[in-house]
Every structure is written in structure tokens, then in C-alpha cells.
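Results of the structural survey
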Amino acid sequence: MTILITGATLPNGDRTDLLIDRGVITETGSGLSSAGAARIDADGLTALPGLVDLHTHLREPGFEQSETVLTGSRAAAIGGFTAVFAMANTSPVADTAGVVEQVASLGAEHGYVTVRPIGAVTAGLAGKTLAEIGAMAHSRAAVRVFSDDGLCVSDPLLMRRALEYVTTFGGVIAQHSQDPRLTEGAQMNEGALSSELGLAGWPAVAEESIIARDVLLAQHVGARLHVCHVSTAGSVDVIRWAKARGIAVTAEVTPHHLLLTEQLVRGYDSRFKVNPPLRREEDVLAQRAGLADGTIDIVATDHAPHPLESKECAWDEAANGMVGLESALSVVQAAVVDTGLMSFADVARVLSSKPAEIGRLSGYDAAFEVGAHANLALYDPAVSRAFSTEQLHGKGINSPYLARTLPGQVMTTIHDGYATVRDGRLVDADEVADAAREAVARG
Amino acid sequence: MRHLLSTKGLTRDEAVMILDVAEDMADVAGREVKKLPALRGKTVVNLFFEDSTRTRISFEAAAKRLSADVINFSAKGSSVSKGESLKDTAQTLAAMGADAVVVRHQASGAPSVLAQSGWIDAGIVNAGDGTHEHPTQALLDAFTIRRRLHGASARGRDLDGVTVTIVGDILHSRVARSNVWLLTTLGARVHLVAPATLVPLGVGDWPVSVGYDLDDAIAGRPDVVMMLRIQAERMNAAFFPNAREYARQWGLGDERLALLPAASLVMHPGPMNRGLEISAQAADSARSTVLEQVANGVSIRMAVLYLLLSGASEGLG
Amino acid sequence: MTARLVLHQADIARALTRISHEILESNRGASDLVLLGIPTRGATLARRIGAILAGIEPNSIAPGSGTVGFLDVTMYRDDLAKNPTRAPSPTQIPAGGIDGKTVVLVDDVLYSGRTIRAALDAISDLGRPRAVRLAVLVDRGHRELPIRADFVGKNLPTSQSERINVRLTEVDGVDEVTIEGGES
């Protein structure tokens with residue numbers, strides 16, 4: 001399959017044509033032509049490297065009513081993603097080689113995105129004993145990221161051991177930083193608003209204290225630490241301090257923590273219930289500043305689909321989480337590009353090359369160079385659209401952006417040299433699966 | 001009024017109007033026929049996800065005095081007490097033609113969720129939601145204070161300059177929240193007294209003063225002292241060491257009662273823990289309004305149901 | 001839209017005096033008589049009639065206006081669900097109650113009769129009078145219920161598109177009755 005993209009604007013602002021053949025970029029420059037190639041006119045579109053999400057909940061196996069590998073992959077592709085890291089809190093938990101291999105192979109079979117499973121840190125996410133980290137690392141899924149996400153590895157000794165043990169396999173612990181005792185029953189950010197609304201508070205210190213402990217542990221044992229979904233201004237400060245001391249810590253922020261504040265909780269609309277919770281305006285601004293200055297390395301969606309009934313209830317009873325794959329790029333544009341804090345070159349870094357590097361995913365380090373893997377998205381930053389369930393392609397419709405206007409739209413996504421999104425619409429599942437098989441056969 | 005979800009959103013004039021209508025409703029209680037036909041043919045559902053016999057029978061009496069039909073729906077303990085049940089129950093009640101739903105729920109905001117859900121078109125009255133609000137309790141407290149202070153000439157008046165000290169578990173108290181907003185809207189000066197563990201974070205933004213010392217508060221000669229119920233489980237969560245220490249520091253015992261001006265009112269939303277937050281003598285003294293609060297509760301709830309259910313939907317507020 | 005003046009201050013005063021005499025005559029004096037005005041302007045009229053009665057028969061009327069009360073009928077209206085919510089006014093019954101008394105309901109305008117129907121229901125919840133009479137300043141016709149006034153200040157035939165405005169000094173700063181609208 002040969003694809004010729006004409007007139008695309010690269011993240012650095014250069015304009016170029018791109019010829020893609022057999023999964024790699026074979027030629028760049030202007031005035032390219034190729035007989036028989038499928039042509040895509042990218043005039044006015046920004047070409048971004050295929051986006052990589054280090055934090056996705058695909059729910060399969062076990063919670064297929066919320067999402068499956070297929071539906072989550074489709075949601076990812078329409079959002080411009082070509083690779084996602086699937087969190088371990090499935091049922092059974094991804095704590096053995098068998099589960100992670102199954103998830104990876106489902107992803108490969110569907111072909112919309114590369115699915116890299118994340119392994120659990122502790123068996124059954126129970127926080128008691130280590131999961132079979134070595135087996136998962138050496139499995140066909142080649143797991144490199146380990147996380148109990150949804151739960152914090154709160155036991156300091158267990159966390160220390162985990163940090164040390166994954167080093168053996170070149171892995172990283174992605175910590176969900178939440179002191180469990182300080183957040184028992186927590187429903188929203190703790191502060192004046194939670195007091196007024198009568199919702200149990202989730203204090204910033206419950207996140208910051210765990211991050212502070214973990215960076216010191218990482219320093220002590222010389223391991224890599226990745227901090228999931230940083231949400232408070234204090235956390236940004238702690239990470240900035242740790243990086244200044246040379247500690248090997250990386251951090252992510254979600255799109256929603258870059259845009260939304262706790263004020264949205266006021267109406268008790270459970271679409272805005274998420275963990276960690278939406279914080280204050282000053283926290284949002286601190287996330288943006290931290291992302292812009294590199295303290296926070298990446299944006300990761302924490303895409304967390306839930307069935308309708310998990311959200312159609314009282315706030316306390318509603319599930320935590322928001323879907324985010326479909327809206328991530330638009331939200332990032334709104335939060336940090338349109339506000340002048342970051343360029344699309346920065347976006348390419350925080351949503352593609354850097355998350356790939358943290359997750360040890362190859363093929364994302366030399367985007368748009370001849371010979372590079374053809375994973376990319378063509379994005380129209382000039383449009384603005386009313387975000388609705390029409391734009392959602394996973395099973396979950398628990399998006400906080402419904403009825404909002406968001407900038408930008410992904411027009412094309414190319415994964416492994418074949419299109420998964422064309423003219424702003426998902427390519428048919430059979431066609432994608434065929435193309436994926438072809439790509440595998442090609443090697 | 002379309003719904004009554006909180007006192008935060010009430011203006012002074014709306015609040016005074018509710019209290020004034022309640023005065024008229026209170027007159028009915030003294031008549032031969034204690035019933036008005038105003039809500040004939042209307043259906044009021046008491047939807048209680050949490051037990052509260054007192055509040056439920058108060059609403060029931062109120063609705064019946066206005067000739068409404070009353071359906072009591074206790075969702076607690078039945079198969080429907082979590083998750084989607086709120087939606088299912090609401091839709092069931094809508095199908096039954098409920099005109100107003102009085103909701104008591106353990107989750108803060110549940111009445112708001114119902115009011116905004118589109119599952120049911122009925123007027124929603126918050127009868128206590130989690131640790132958020134209990135607006136009719138605050139209204140009846142304000143009504144009780146106004147009656148005690150102004151008697152027959154209470155109509156049309158607010159609580160300008162009245163000093164109210166609220167003592168106890170502010171953090172978990174929906175009664176305290178509703179009273180803070182309502183009493184200050186009505187012009188009262190509210191002072192909160194509690195151990196620091198039971199003062200909500202961010203209370204600095206509230207229109208109140210805060211102290212930790214009950215003796216200091218009593219020395220300030222407040223017009224009203226409102227004692228909140230303290231729940232035993234708070235001890236286990238390290239909010240304070242034990243009942244004895246709590247009673248000594250923040251209980252309205254006989255000695256503190258003696259220091260309180262003779263004209264000061266002693267209020268308690270009930271049910272009381274005698275000997276813990278309030279002594280028997282304080283609860284039963286002439287200054288105590290505890291039983292009046294119960295009687296006034298019916299009048300206030302009549303007023304609220306009347307204002308919610310009479311009139312075309314675009315009516316007041 | 002122009003308003004036509006149909007009753008002046010003097011007309012109103014004369015009508016109330018005549019009504020007062022008629023009440024006394026039909027009741028054979030002022031004993032066991034209770035005037036219940038329907039707020040707002042009916043209450044004002046009841047007070048005035050009470051004062052006139054006290055002037056005519058000073059001996060049989062207790063000092064003050066002991067026999068004058070106010071009857072709010074809001075809760076008994078049959079159109080509660082069709083109009084914006086009304087805040088009720090206080091009902092005040094004279095200390096002696098209404099049991100065994102002759103109650104004279106006083107209102108400003110008699111129209112459909114629905115207000116009086118509500119008032120009759122309200123009275124029956126308050127006690128059992130010996131008789132209930134009705135006094136109105138203006139009867140404009142168009143009855144929808146089998147109700148008629150015993151004492152009428154002025155019969156004013158109107159069309160339903162017209163509007164009668166009764167203004168009284170205590171409430172409106174001026175004593176007058178005007179007609180507005182209609183196809184003139």
C-alpha cells in the first residue's frame with residue numbers, strides 16, 4: 001500500500017509531501033508523485049507523529065460492557081493515536097503473561113493502534129505481593145510499564161521493591177499517587193467548594209506526599225519512576241524539585257486537568273467525577289506551566305469509559321473517570337497551544353515521542369524522516385466543532401466536553417503505513433484488520 | 001418555586017415570603033378543621049433513601065394538611081438503594097404522576113441530580129442530602145427564632161442583627177450548612193464553634209465567624225445557641241478523643257446553660273444525644289425550642305409544598 | 001387605553017353607608033354580626049363598614065372593630081394551578097369566633113362568584129355561622145356559579161373584555177372605581 005500525502009505542515013512549520021510505502025516514509029520534499037499511490041491532500045493540515053497514550057483503560061478482559069480492545073482502539077484512532085498503553089485493572093488483572101499477551105494480540109489483530117499492555121505492580125492489584133513482573137516483561141507483550149493504576153502502591157516497602165525489581169527488566173513503575181487513608185470516601189478536590197457542596201474532600205496533600213516519598217525512593221534505589229495524572233500545583237513543585245536533583249522521574253498530566261476546574265462539580269453532574277479530581281484554577285494553570293517548561297513530560301488521557309448506569313446516579317455512587325482519547329488533541333490545543341504556551345512541535349513531543357520513550361516503544365523517535373515508521377496524524381487545527389456523542393467512538397459517552405466547543409479535528413490517522421482514519425471518519429474495521437495482517441506479513 | 005434544593009440560592013425576600021406563608025399555615029394548626037384544600041388532587045411522594053421518621057412524618061403531615069395525596073417510598077434496605085436505582089425510582093414515580101418528590105438521600109447532591117436529570121418533571125424538595133443541605137430544617141429554625149423574637153408581629157421581618165452560635169459537627173452537618181446560608185441571608189450574624197477537626201476546610205470564605213471555644217461564645221451573649229447532634233462514629237475517625245472530652249469542651253451542660261442569658265434560645269435539630277452535646281436540663285428548659293421546632297417544621301413544609309405545587313410552573317422564584 | 005370613572009369618592013362613601021344600613025336592617029341590629037373582608041380591598045371595605053356600623057349603633061358594637069375580621073381564600077381557590085403562585089394573606093377571625101353568628105362577607109367586586117365559593121368553603125372550615133351574607137361594592141355580572149350578593153353598592157353591567165379597577169385610599173391612595181378596555 002502506497003500513500004502520498006501532499007502539502008502537509010510538519011510540527012516545525014515546514015511544508016512537505018510525504019510518500020509512504022510498506023509501512024515506512026520513503027520520500028519527503030515537495031512535488032512528490034507516485035503512480036498508483038492513494039493521494040491525501042493535506043493542504044492546511046498539520047502533520048503530527050502518531051500519538052501515543054501512556055494511560056488508557058481498554059477494560060478488556062472483564063469489563064467489556066465499558067469498552068473492548070476494539071472499541072477503545074477505534075476511539076484512539078479517531079483521536080490521532082497510533083499506540084496506546086492499556087492499564088492493568090482488568091478482570092482478571094493484567095498481572096500474568098497470559099493476560100498481557102491476550103490484550104496485545106487483540107490489539108494487533110484489530111490493527112487500529114498498537115496496544116501495549118501495562119502490567120500490574122502487585123498481584124491482583126491487592127498491594128500485598130509483587131505481580132509476575134519478569135514473566136510479563138519477557139512475554140510476547142514485552143511489558144515495560146507497570147502500574148496498579150486506580151490504586152496506589154501505598155506500602156513504602158513494597159514500592160521500594162517494585163522500583164528496584166522493574167529496573168532488572170528496563171521497566172518503569174507508573175504510580176497512581178493517592179494516599180489511601182487521606183482519601184477514604186473522597187469525592188472531589190478538598191477545599192472551600194467541597195465544604196459547601198458537602199462532598200468528602202480529596203486533599204492535594206494526599207497526592208503530593210506520595211509523589212514526594214516516591215521520588216526519594218527512586219533516588220535512593222536509582223530507579224525510574226513515572227507519575228500518573230499529576231493534578232495539583234504542589235505536585236508540579238515536588239517534581240520540579242526532584243528533576244533539579246537529577247532524580248529519574250517522569251510525569252504525565254491528563255487533558256482534563258489542563259482544562260477543567262472543580263467548579264464544574266457544582267451541579268453534581270457525575271460526568272465531571274474523576275480520580276484524581278478536577279482541581280482549582282491555579283492547579284490547572286500550574287499543570288500548563290509545568291507541561292510547557294518540561295517539568296511534566298507528557299500528556300496521557302486516562303481514558304476511562306464507563307457504562308451509562310455507572311454515571312446516571314448520585315455523585316457519591318457514580319464511577320470515577322472520563323473518556324478522553326477522542327478529545328485529547330483538541331483539549332491540548334485549547335489548553336496550551338491556543339493559549340500560546342506551546343507549539344505543535346511541543347505537542348508532538350508530549351503526545352508522541354516522549355510517551356513512547358517512557359514506555360520503551362520503538363519507532364517514534366525520528367518522526368517524518370525518511371525510513372521512519374509511518375505512524376502519523378493529519379490534524380486540522382483551524383476548525384472548531386461542537387463536541388457531542390457523535391464524536392465519540394468508544395463505548396463510553398462519559399465525556400466532560402459534551403456540549404462544549406473544541407478546536408481542531410483529526411482528518412487522517414495512519415498506523416503502520418495504512419489509514420485508520422480517512423476524511424475525519426474511521427476506516428472500516430475489516431479493512432483495517434486486513435491492512436494490519438498485511439503489515440505483519442511484511443514484517 | 002420550581003424546586004427547593006438548598007438555602008444557598010434563596011434571596012432574602014424569597015426566604016421571608018416562605019416564613020410568612022408558614023405563619024399562615026401555622027394558624028391552620030389552631031383551627032377546628034386542620035386542613036386546607038389547596039393541594040387537592042396533587043400527589044406528594046416522600047422518597048427516603050435514608051431513614052428519618054421525624055422528617056418523613058413532618059412532610060407527610062404537611063402534605064396531608066394541604067389535602068395532597070401522600071405516597072411514602074422508603075428505598076432503604078430494599079433492592080433499590082444504590083446506583084441506577086435513583087433513575088429507576090424517579091422514572092417510576094414520574095409514571096405514577098408524582099407532582100412533588102421529597103427526597104432524603106445519603107449522597108450529597110442527589111436531589112439536584114434528580115431535579116436536573118429529566119427523568120422526572122416533579123418539583124423536588126431536598127429533605128436532607130448527605131452532608132450538603134437540609135433546607136427545610138434551616139427554614140423551620142429561622143421561623144422558630146423569628147416567632148420567639150417577634151411573636152405576632154413576625155410577618156415580613158427578617159433576622160437582622162440576631163446573633164446565632166452553631167456548635168458541633170459543622171463538617172458533617174447539612175443542618176449547619178443550610179442554616180449558615182439562610183440565617184446570614186436573613187441578616188443574622190452566625191458564629192460557628194467546633195473542634196478544628198470538625199470545621200470544614202475553606203470556611204474562611206463563608207459569611208460567618210469561627211471559634212473553638214464554647215465558653216467564649218457564650219460569654220458573647222448570643223441570642224441563639226444551636227447545638228448539633230454529634231455522631232458516635234466520629235470518635236473512631238479521630239475527630240476527637242472521646243465523648244467525655246467532647247461533652248466537656250463543646251457540650252451545653254448545666255453550668256454553661258446557667259451562664260447563658262435568660263432570653264437566649266437553645267435549639268437542637270434533633271434527635272438529641274442527651275448528656276453528650278446537650279444536657280437534659282438544657283434540652284428541657286424554657287429556653288429550649290426543641291418541641292416548637294417540631295411543630296414549626298410542619299408549617300414550614302406546608303409553606304414549601306404550597307409554594308412548589310400551587311401556581312403555574314413559571315410562578316415565584 | 002382610557003379608563004372611565006364610574007364611582008367617585010362620594011359615591012363610594014354613600015354606597016357603603018347604604019350597605020351598612022341595609023345590613024343592620026336585615027340583621028335587626030348589630031348583635032352577633034361578624035364582618036369578614038376578603039383581602040386585599042374587601043378587607044379595607046369591611047373595616048370601613050365596621051366603622052360606619054359603630055357610628056350608627058355605638059351601643060351594640062364593641063369598641064374598636066371587634067366584629068371585623070379578614071378571610072383569606074387563597075388556599076381554597078379553584079384556579080391555584082392555573083395562575084402564578086399567590087402568597088396568602090393572614091386570616092383573622094374576631095375573638096368570639098363565627099359559630100352561631102351572622103357572617104357578612106365583604107369584597108370589592110363580584111364577578112364570576114368563584115372567590116365567594118372559595119370563601120364559603122373557607123368559612124365552613126372555621127366554624128358554623130348561623131347565616132352567611134354577601135356585601136360587595138360593585139357587582140359587574142357574568143356569574144359562573146349560583147351566587148348572588150345580598151348588599152350591592154352599585155350594579156355595573158360590563159363586557160367581559162372590560163376591567164374594573166377599585167382603588168381605595170388605604171391601599172391605593174385614592175377612592176375611585178374605573179372601567180378600562182372593552183370594545184369602545
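For the rest of this paragraph, the subject is the overall build of chain A. A count of helices and strands for chain A gives twelve helices and 19 strands. When the 443 residues of chain A are sorted by exposure, 61% land in the buried category. In chain A, 74% of the contacts between residues at least 6 apart in sequence involve partners at least 24 apart.

If you look at the interface, chain B gives 24 residues, while chain A gives 17 residues. Contributions of two or more residues to the side of chain B that touches chain A are made by α3 (85–95), α4 (110–117) and α6 (174–185) of chain B. Among the elements that line the side of chain B that touches chain A, the one with the most residues is α4(B), at four residues. Here the side of chain B that touches chain A is composed, by residue class, of seven nonpolar, ten polar and seven charged.

Glancing now at helix α7 (residues 233–244) of chain A. Between the first and last C-alpha of α7(A) there are 17 Å, a value that for twelve residues agrees with the 16 Å anticipated at 1.5 Å per step. Summarising the contacts, the buried residues of α7(A) are in contact with α6 (204–221), β13 (225–227), β14 (249–253) and α9 (281–292) of chain A.

What follows is about the nonpolar core. By size, the foremost hydrophobic cluster in this structure holds 297 residues, and its most contacted members are Val332(A), Val101(B) and Leu305(B). Considering each element in turn, this core owes the most residues, eleven residues, to helix α12 (residues 290–309) of chain B. If we skip the residues at most four places from it in the chain, Leu305(B) touches Leu39(B), Val44(B), Ala62(B), Ala63(B), Leu66(B), Ala68(B) and Ala100(B).

So, about the interface of chain C and chain B. On the side of chain B, 20 residues touch chain C, which itself brings 16 residues to the contact. Taken together, the residues of the side of chain C that touches chain B break down into nine nonpolar, four polar and three charged.

With that settled, consider the domain arrangement of chain A. Under the domain assignment used here, chain A contains domain 1 (1–44) and domain 2 (49–358). A straight line from the C-alpha centre of domain 1 of chain A to that of domain 2 of chain A covers 34 Å.

Residue and element names in this part refer to chain C. The topology assignment puts leucine 105 in strand β4 (residues 102–110). Spatially, the C-alpha atom of leucine 105 lies 6.1 Å from that of arginine 133, the residues being 28 residues apart in sequence. With residues up to four places along the chain from it excluded, the contact list for leucine 105 reads Leu36, Ile38, Ile116, Ala119, Val132, Leu134 and Ala135.

In this section: the packing of helix α2 (residues 53–65) of chain B against α12(B). Residue and element names in this part refer to chain B. Where α2 contacts α12, the axes come no closer than 8 Å and their chain directions differ by 55 degrees. As far as their axial angle goes, α12 and α2 are oblique. Between α2 and α12 lies a crossing of right-handed hand. Taking contact as the criterion, the partners of Ser58, Phe59, Ala61, Ala62, Ala63 and Arg65 in α2 are, on α12, Gly297, Val298, Arg301, Met302 and Leu305. Within the contact of α2 with α12, the residues separate by chemical class into seven nonpolar, two polar and two charged.

On to helix α1 (residues 9–27) of chain C. All names here are of chain C. For α1, spanning 19 residues, the distance from its first C-alpha to its last is 27 Å, which sits close to the expected 27 Å at 1.5 Å a residue. Within α1, burial applies to Ile12, Ala15, Leu16, Ile19, Ser20 and Ile23. End-on, the buried residues of α1 take up no more than an arc of 140 degrees, which puts them together on one face. Those residues of α1 that are exposed and angled more than 90 degrees off the buried face are Ala10 and Glu25. Considering only its buried residues, α1 is in contact with β1 (3–7), α2 (41–56), β4, β5 (131–139), β6 (151–155) and β8 (176–181). Phi turns positive, to about 55 degrees, at arginine 28, one or two residues after α1.

Residue and element names in this part refer to chain B. Sheet architecture is open: five strands sit in the order β7-β6-β5-β8-β9, paired in parallel fashion. Among the strands making up the open sheet, the edge pair consists of β7 (209–211) and β9 (265–267). With strand direction ignored, the average angle separating the axes of adjacent strands in the sheet is 20 degrees. Judged from the four bridges that link them, strand β5 (residues 163–167) and strand β8 (residues 224–227) form a sheet pairing that is parallel. Its bridge partner lying in β8, valine 164 is registered against valine 224.

Looking at where Glu14(B) falls in the secondary structure, it is placed in helix α1 (residues 12–29). Once the C-alpha coordinates of Glu14(B) and Tyr212(B) are considered, the two residues, 198 residues apart in sequence, prove to be 33 Å apart.

Take unusual backbone geometry next. A cis amide bond links Ser91(A) to the next residue, Pro92(A), at an omega of 0 degrees. Relative to the helices and strands, Pro92(A) is located in the loop between β7 (81–86) and α2 (97–110). Note that the residue after Pro39(C), namely Thr40(C), is joined by a cis bond; omega there is 5 degrees. Looking at the secondary structure, you find Thr40(C) in the loop between β2 (33–37) and α2. Its identity is not glycine, yet Tyr268(A) carries a phi of approximately 60 degrees, on the positive side. Along the polypeptide, Tyr268(A) turns up in the loop between α8 (255–259) and α9.

All names here are of chain A. One open sheet accounts for five strands, arranged β9-β10-β13-β14-β15; its pairing is parallel. Each of the sheet's edge strands pairs with one partner strand only, and the pair in question is β9 (145–146) and β15 (298–299). The sheet contact formed by β9 and strand β10 (residues 172–175) spans two bridges and is parallel. Residue pairing for β10: valine 145 is matched across the bridge by valine 172.

Once that is clear, we can look at the confidence of the model for chain B. When pLDDT is averaged along chain B, the result is 92; 95% of the residues meet or exceed 70. pLDDT under 50 marks residues 313–317 of chain B. Its contacts with residues more than four places away, or in other chains, come to ten contacts.

Residues and elements named next belong to chain B. Two elements in contact, α1 and helix α5 (residues 135–150), have axes separated by 10 Å at closest approach and are oriented at 70 degrees. Taken together, α1 and α5 sit at an angle that is classed as roughly perpendicular. In terms of crossing hand, the pair formed by α1 and α5 is right-handed. The segment α1 lies against α5, with Ile18, Leu19 and Ala22 engaging Leu139, Ala142, Phe143 and Arg146. A class-by-class count of the residues in the contact of α1 with α5 yields six nonpolar, no polar and one charged.

Here the protein chains form two pairs of chains in contact, of which the pair with the most contacts is chains A and B. These two, chain A and chain C, are apart from each other, with no contact and a minimum C-alpha gap of 27 Å.

On the secondary structure map, His138(A) appears in helix α3 (residues 133–138). Measuring from C-alpha to C-alpha, the distance between His138(A) and Phe169(A) comes to 8.4 Å, with 31 residues separating the pair along the chain.

Looking now at the pairing of β7(A). All names here are of chain A. Within β7, six of the six residues are buried, which leaves the element mostly enclosed by the surrounding structure. Inspection of the sheet shows strand β6 (residues 51–56) paired to β7 by four bridges, in the parallel sense. By the bridge assignment, aspartate 53 is partnered in β7 with valine 84. You can see the chain leave β6, run along helix α1 (residues 69–78) and come back into β7, and the turn it takes is right-handed. Pairing analysis gives four bridges linking β7 to strand β8 (residues 114–117), with the strands arranged parallel. In the strand pairing of β8, phenylalanine 85 is matched with arginine 116.

Residue and element names in this part refer to chain B. The domain architecture assigned to chain B consists of domain 1 (12–134 + 294–309) and domain 2 (135–289). If you average the C-alpha positions of domain 1 and of domain 2, the two centres end up 25 Å apart. Listed per partner, the contact involves 24 residues of domain 1 and 23 residues of domain 2. Secondary structure elements with two or more residues in the side of domain 1 that touches domain 2: α1, β4 (123–129) and α12. Ranked by residue count, the leading element in the side of domain 1 that touches domain 2 is α1, at eight residues. Across the side of domain 1 that touches domain 2, the residue classes tally to eight nonpolar, nine polar and seven charged.

Each regular strand displays side chains that alternate between the two surfaces of the sheet. Residues and elements named next belong to chain B. Counting buried residues along strand β3 (residues 100–105), six of its six residues qualify, which places the element largely inside the surrounding structure. Along β3, one buried face is formed by Ala100, Val102 and Arg104 and the opposite face, lined by Val101, Val103 and His105, is buried too. Relative to β3, strand β1 (residues 43–48) runs parallel, the two sharing five bridges. Residue pairing across strands places leucine 47 opposite valine 103, the latter belonging to β3. Here β3 pairs with β4 via five bridges, running parallel. By the bridge assignment for β4, histidine 105 is matched with aspartate 129.

Cut-offs applied
Residues numbered from 1 in each chain as written. Chains lettered and ligands numbered in written order. Predicted model: local features only at pLDDT ≥ 70, side-chain atom pairs only at ≥ 80, totals over all residues. Helix = DSSP H or I, 4+ residues; strand = E, 2+ residues; numbered from the N terminus. Buried ≥ 20, exposed ≤ 12 C-beta atoms within 10 Å, placed from the backbone. Contact = placed C-beta atoms within 7 Å. Nonpolar A, V, L, I, M, F, W, Y, C, P; charged D, E, K, R; others polar. Expected span 1.5 Å × (residues − 1). Core = buried A, V, L, I, M, F, W, Y, C linked by C-beta atoms within 7 Å. Domains from an automatic or database assignment. Axes fitted to C-alpha atoms, helices over the stretch in contact; angles between N-to-C directions. Parallel < 35°, antiparallel > 145°, perpendicular 65-115°, else oblique. Left-handed = near helix turned anticlockwise from the far one by under 90°. Arc of directions from axis to C-beta. Pairing = 2+ DSSP bridges. pLDDT = per-residue confidence, 0-100. Right-handed = clockwise from strand over helix to strand, strands pointing away.

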